[in-house]
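The primary structure of each chain is shown beneath.
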Amino acid sequence: MSDFLKVSRDGDVAIVIIDNPPVNALSLHVREPLKQALVELRDDPLVAAIVITCAGRTFVAGADITEFGKPVQQPELRAIIATLETIAKPTVAAIHGTALGGGLELALGCHFRVADASARLGLPEVKLGLLPGGGGTVRLPRLVGALKALKMIVSGAPIGAEEAHTTGLVDALFEGDLTTHAVNFAREIARKGGPFTPVRDRDDELKGTNLAAFDAEAADLAKKARGLEAPVACAQAVRNAVTLHFDEALAVERALFVKLVASDQSRAQRHLFFAEREAAKSPGKDPVKRRIARVGVIGAGTMGGGIAMAFANGGYPVTLLETGHEALQRGLATIDKNYAVSVTRGSLTEDAKRQRLAQFTGSTDYADLADCDLIVEAVFEDMAVKKEVFGKLDAVAKPGAILATNTSYLDINEIAASTSRPQDVLGLHFFSPANVMKLLEIVRAEKTAPDALASVVDLARRIGKVAVVVGVCHGFVGNRMLAARGSESEALLLEGATPRQIDQAFTDFGWPMGPFQMGDLAGLDIGWRNRKARGQTAVIADTLCEQGRFGQKTGRGYYLYEAARTPVPDPQVEALIRDKAAEQGIAPRAIEAEEIIERTLYPLVNEGAKILEEGIAVRASDIDVVWVNGYGFPVGKGGPMFWAGLEGADKIIERLEYWHHRTGKDVFNVAPLLRRMAETGSWEGAAAA
Ligand code: 3HC
Ligand code: NAI
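Residues numbered from 1 in each chain as written. Chains lettered and ligands numbered in written order. Predicted model: local features only at pLDDT ≥ 70, side-chain atom pairs only at ≥ 80, totals over all residues. Heavy atoms only, no water.

By the naming in an unreviewed UniProt entry, the protein chain is 3-hydroxyacyl-CoA dehydrogenase NAD-binding domain-containing protein, taken from Mesorhizobium newzealandense. Checking UniProt for the protein chain, the heading Catalytic activity (unreviewed entry) contains the comment "a (3S)-3-hydroxyacyl-CoA + NAD(+) = a 3-oxoacyl-CoA + NADH + H(+)". Database annotation for the protein chain, UniProt heading Pathway (unreviewed entry): "Lipid metabolism; fatty acid beta-oxidation." (UniProt positions renumbered as here; feature names shortened; annotations may be inferred.)

Structure representation (structure tokens):
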């Protein structure tokens, strides 16, 4: 019928096959023939039942996201579903892979859904700053109940076929050839005879809805939304499914969708969706990848333990190496404890825990790393120690093994040069806790071979990381920009702001926490050691460290942590700040949130522009991926570089110039690329200008 849609017959059952690689998105070129096919099959007396299925790796994974923001072209998905619901003969969606967003909504337009036992089903629109716009909020509750639909739609997390079957979303599960099973299922149903009730006309599941419990859950979810509009709209739309007539609820869903799709938040989240996928592509042409079957990790401290877990979780056997038996046992015990916590929380079974632990081999002998294809070093942040470790690795690692360092700041070119194989050396900068945090900065050193780089980009995806390739500079992309963001923190404190007030400005912006709370969480001693190594000082942070206030781990930092992890403002810290300010002759003044943002986030953007200009990051969107996945930059603002466009580059430049004039500090010295961005209106335009 078309390149993207075929119809075949198996006796009196028609099979509609959508074939729009890679994920069978409902692009216009699918919608047009699909609607036409459904009308024809509806009116064809020789057809007793219709099965909708997909070619390739998955059922429909949603609307075509690239069409959002452009004029809507008919037929819309809603019209296709409405057509489906005019069909009196049984319609069956046969789901394999994933049925997501508009894909699941299409399936909800059918009378029945059957699925491969390994399929996953969900409405992830909220992750794009949207709500399901094809009737998902109104139909899903009719099958699984309002509370379950609320949780699925607000979280956007898909459920497995098994759960979908138990909750009533799927009518039958099959293993083996799904289309054959679906056809038999459809034929059998047709033989039994109708009438077949469309999902829109089923309200049994809605009748018993406890609205008070629903509202309590929705209020809880809204609190976690931290200023995002989509989760709130999702909850409202699902509630409407219970309280309004079907068509009314559908109309409100549509109105909310239209509003959200045009919002900055959704634009930002869609930008991130594509940015993450773009960042994960190997730079340059795709070389043959090196085989990575076994991983070595050196250092079983905070990072080494987490990195080892990240690989074990991804199915890789890991050799974990430490300086001595005691340190090794401590590291392994921490890993054991972390898995035990996951079991207690219910996110891991005892069996899975045993399997993961069986992946680890502990060692204190470098010779045991000889069979590793990738070795990640996570020892102390000290160039001499790192060089010593790489010297030993050079002696024992097999030819072609990739040698990676997890250094936060050190010069990887220098580390690479200390080996006889700099082409195999690169940076794998994980974030803490490394088994949890998604971001991985992959640092390409001057001599890193393209195939080594491509191999770790591929590996990152296999272990579920969001990878961004960056170049060598002090702190790479993330930590270098973090330094720019934090450079005014001390000045703001000395001039009159409190840690709480600054952190509040950040959380109001949408960050999960502010810089001082984050410093306390990460440990203030890390920055202290780094400053000392570079001959730098920060009067307040240094004094806190001298007093043994390293943050949460010592129960005291910028805040007090008496009860677990809740930060409590500490009058002693505020007195310390006032004393230090007085010593410097600074009179405290009131500082507004706007000034806090200007002096922290504008330098962040400015540093990003410098990084882009130097080629340390390849794309502005890569920087956004780093900041959203590694540092908690609010997703609804799309990352610092995307946000710069929302905020207005002109405005940012004007305020940077003001602060540069006032302080003379380099972080406010406007990057030429930022000026070109203001002129051309985009980072791509700025780079090309
Ligand atoms: N529209 C357009 N392109 C899409 C797409 C979509 N819905 N989903 C994926 N793609 C593209 C990706 O951009 C990527 O393109 P590239 O190769 O050029 O970079 C390619 O398909 C493959 O995607 P992944 O790399 O993500 O492939 P995976 O196999 O890792 O994952 C997936 C597959 C789980 C389906 C994942 O792609 C995914 O989660 N997709 C988005 C699903 C989604 O959000 N659906 C809802 C859309 S909104 C909607 O339906 C609105 C409706 O309610 C009206
Ligand atoms: P850590 O102090 O917790 O762990 C370091 C471990 O390395 C210790 O267990 C130590 O015994 C071991 N070690 C030291 N020398 C060794 C050697 N020669 N051979 C084998 N083991 C040796 O330190 P952490 O925090 O894990 O940091 C490790 C590296 O990761 C550093 O380069 C750091 O900059 C980097 N990093 C740290 C992050 C963090 O948040 N802690 C985040 C990202 C990177």
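Caption draft 1: Looking closely at the overall build of the protein chain. A count of helical and extended segments in the protein chain gives 31 helices and 19 strands. In terms of overall size, the protein chain behaves like a compact globule, its C-alpha atoms giving a radius of gyration of 28 Å where 689 residues would be expected to give roughly 26 Å. In terms of its C-alpha atoms, the protein chain occupies a principal-axis envelope of roughly 90 × 60 × 55 Å. Among the 689 residues that make up the protein chain, the fraction classed as buried is 54%. Here the analysis covers contacts within the protein chain between residues at least 6 apart in sequence; of these, 72% occur between residues at least 24 apart. Carbon together with sulfur atoms contributes 53% to the accessible area of the protein chain, which is approximately 29000 Å² in total. Here the protein chain contributes 78 positive and 87 negative side-chain charges, whose respective centroids are spaced 1 Å apart. (Helix = DSSP H or I, 4+ residues; strand = E, 2+ residues; numbered from the N terminus. Rg over C-alpha atoms; globule rule 2.2 N^0.38 Å. Buried < 20%, exposed > 50% of the residue type's maximum accessible area, 1.4 Å probe, protein only. Contact = heavy atoms within 4.5 Å. Areas by Shrake-Rupley, 256 points an atom, 1.4 Å probe, with all protein chains shown as cover. Lys, Arg positive; Asp, Glu negative; His and termini not counted. Charge placed at Lys NZ, Arg CZ, Asp CG, Glu CD.)

Caption draft 2: Region of interest: the pairing of strand β17 (residues 466-471). Within β17, six of the six residues are buried, leaving the element largely enclosed by the surrounding structure. Here β17 shows a buried face lined by Val466, Val468 and Val470 and a second buried face lined by Ala467, Val469 and Gly471. Pairing of strand β16 (residues 439-444) with β17 involves six bridges; the strand directions are parallel. Bridged to glutamate 441 within β17 is valine 468. Chirality of the crossover, the property in question, places the unit of β16, helix α18 (residues 450-462) and β17 among those that are right-handed. (Pairing = 2+ DSSP bridges. Right-handed = clockwise from strand over helix to strand, strands pointing away.)

Caption draft 3: Structural view of the UniProt feature "domain: 3-hydroxyacyl-CoA dehydrogenase NAD binding" (unreviewed entry) in the protein chain. Here, UniProt's "domain: 3-hydroxyacyl-CoA dehydrogenase NAD binding" (unreviewed entry) annotation points to residues 295-471. The annotated region residues 295-471 carries 42% helix and 21% strand content, and the separation between its end C-alpha atoms amounts to 23 Å.

Caption draft 4: View of the site of ligand 1. Taken together, the neighbourhood of ligand 1 is formed by 24 residues, with Arg57, Gly102, Glu105, Glu125 and Arg277 sitting nearest. One nitrogen or oxygen atom from the main chain of alanine 61 is found 2.9 Å from a nitrogen atom belonging to ligand 1. Considering ligand 1 on its own, with 990 Å² of exposed area, one finds that the protein chains cover 75% of that surface. At the level of elements, α3 (102-108) and α12 (264-279) are the ones that each hand at least two residues to the shell around ligand 1. When its residues are assigned to classes, the shell around ligand 1 shows 13 nonpolar, four polar and seven charged. (Near = heavy atom within 4 Å. Polar contact = N/O pair within 3.5 Å; in protein donor to acceptor, adjacent residues only side chain to side chain. Nonpolar A, V, L, I, M, F, W, Y, C, P; charged D, E, K, R; others polar.)

Caption draft 5: Summary view of the UniProt feature "domain: 3-hydroxyacyl-CoA dehydrogenase C-terminal" (unreviewed entry) in the protein chain. Residues annotated in UniProt with the feature "domain: 3-hydroxyacyl-CoA dehydrogenase C-terminal" (unreviewed entry) correspond here to residues 475-561 and 596-683. Helix makes up 61% of residues 475-561 and strand 2%, whereas the separation of the span's terminal C-alpha atoms amounts to 29 Å. Helix makes up 70% of residues 596-683 and strand makes up 0%, while its end C-alpha atoms are separated by 25 Å.

Caption draft 6: Structural detail: the nonpolar core. Counting residues in hydrophobic clusters, the biggest one holds 94 residues, and the most contacted among them are Leu393, Val477, Tyr558, Ile623, Trp627, Leu674 and Trp683. Top element by residues in this core is helix α26 (residues 593-613). It accounts for nine residues. Ignoring any residue separated from it by four or fewer positions in sequence, one finds tryptophan 627 in contact with Val477, Gly478, Met481, Leu482, Arg485, Trp511, Leu604, Gly632, Phe633 and Pro640. By size, the runner-up hydrophobic cluster in this structure holds 67 residues, among which are Leu38, Ile50, Ala107 and Met152. (Core = buried A, V, L, I, M, F, W, Y, C linked by side-chain atoms within 4.5 Å.)

Caption draft 7: Quick look at helix α10 (residues 229-243). Taking 1.5 Å per residue as the helical rise, α10 with its 15 residues ought to reach 21 Å, and the 21 Å between its terminal C-alpha atoms agrees with that figure. Burial in α10 covers these residues: Ala230, Pro231, Ala233, Cys234, Ala235, Ala237, Val238, Asn240 and Ala241. (Expected span 1.5 Å × (residues − 1).)

Caption draft 8: Representation of the pattern of salt bridges in the model. One pass over the structure, following the stated rule, counts 50 salt bridges. The salt bridge involving arginine 200 is made with aspartate 247; its shortest N-O contact spans 3.3 Å. Note that arginine 200 is positioned in the loop between α7 (178-192) and α8 (204-207) and aspartate 247 in helix α11 (residues 246-261), a separation of 47 residues in sequence. Note on arginine 200: relative accessible area 24%, which makes it partly exposed. Judged by its relative accessible area of 48%, aspartate 247 is partly exposed. Within the structure, one salt-bridge network assembled from shared partners comprises Glu488, Glu495, Arg589, Glu595, Arg599 and Lys665. (Salt bridge = Lys/Arg side-chain N within 4 Å of Asp/Glu carboxyl O.)

Caption draft 9: Fine view of the site of ligand 2. Among the 22 residues in the neighbourhood of ligand 2, the closest are listed as Met303, Glu322, Glu381, Lys386 and Ser408. Residue methionine 303 places a main-chain N or O atom 2.7 Å away from an oxygen atom belonging to ligand 2. Here an oxygen atom of ligand 2 sits 2.5 Å away from a polar atom, N or O, in the side chain of glutamate 381. For ligand 2, the protein covers 81% of the area, taking 830 Å² as the surface of the free molecule. If you list the elements that add at least two residues to the shell around ligand 2, you get α13 (302-313), α16 (383-396) and β15 (425-430). Per-class residue counts for the shell around ligand 2 are 10 nonpolar, nine polar and three charged.

Caption draft 10: View of the packing of aromatic side chains. Using the criterion set out here, one finds 20 aromatic pairs in the structure. Plain terms: the ring middles of phenylalanine 509 and tryptophan 643 are 5.2 Å apart, the flat faces sit at 85° to each other, and that makes the pair edge-to-face. In this pair, phenylalanine 509 sits in helix α21 (residues 499-509) while tryptophan 643 sits in helix α28 (residues 640-647), placing the two residues 134 residues apart along the sequence. Pair check on accessibility: phenylalanine 509 and tryptophan 643 agree, each one buried. Aromatic ring contacts, followed pair by pair, group Phe431, Phe506, Phe509, Trp511, Tyr602, Trp627, Tyr631, Phe633 and Trp643 into a single cluster. (Phe/Tyr/Trp six-rings, centres within 6.5 Å; stacked < 30°, edge-to-face > 60°.)

Caption draft 11: The arrangement of the environment of valine 466 in detail. For valine 466, the position within the fold is in strand β17. As a C-alpha pair, valine 466 and leucine 439 span 27 residues in sequence and 4.9 Å in three-dimensional space. Ignoring any residue separated from it by four or fewer positions in sequence, one finds valine 466 in contact with Glu276, Lys438, Leu439, Leu440, Val625 and Asn629.

Caption draft 12: Local environment of the confidence of the model for the protein chain. Summarising the model, the protein chain shows a mean pLDDT of 96, and 99% of its residues fall at 70 or more. Model confidence for the complex: the whole-complex pTM is 0.95, and ipTM, which rates the interface, is 0.96. (pLDDT = per-residue confidence, 0-100.)

Caption draft 13: Inspection of the sheet that holds strand β14 (residues 402-405) at higher detail. Strand order in this open sheet of eight strands is β12-β11-β10-β13-β14-β15-β16-β17, and the pairing throughout is mixed. The open sheet has two edge strands with one neighbour each: β12 (360-363) and β17. Taken over all neighbouring pairs, the strand axes of this sheet differ in orientation by 25° on average, direction set aside. Relative to β16, β15 is paired through four bridges, and the arrangement is antiparallel. Paired with leucine 428 across the bridge in β16 is isoleucine 442. Across the sheet, α16 lies against β10 (295-298), β13 (374-377), β14 and β15, angled at about 170° from β14, the strand it touches most. (Axes fitted to C-alpha atoms, helices over the stretch in contact; angles between N-to-C directions.)

Caption draft 14: Looking closely at the environment of proline 588. On the secondary structure map, proline 588 appears in the loop between α25 (571-583) and α26. Residues proline 588 and glycine 496, spaced 92 residues apart in sequence, show a C-alpha to C-alpha distance of 4.2 Å. Those residues in contact with proline 588, other than ones at most four positions away along the chain, are Glu495 and Gly496.

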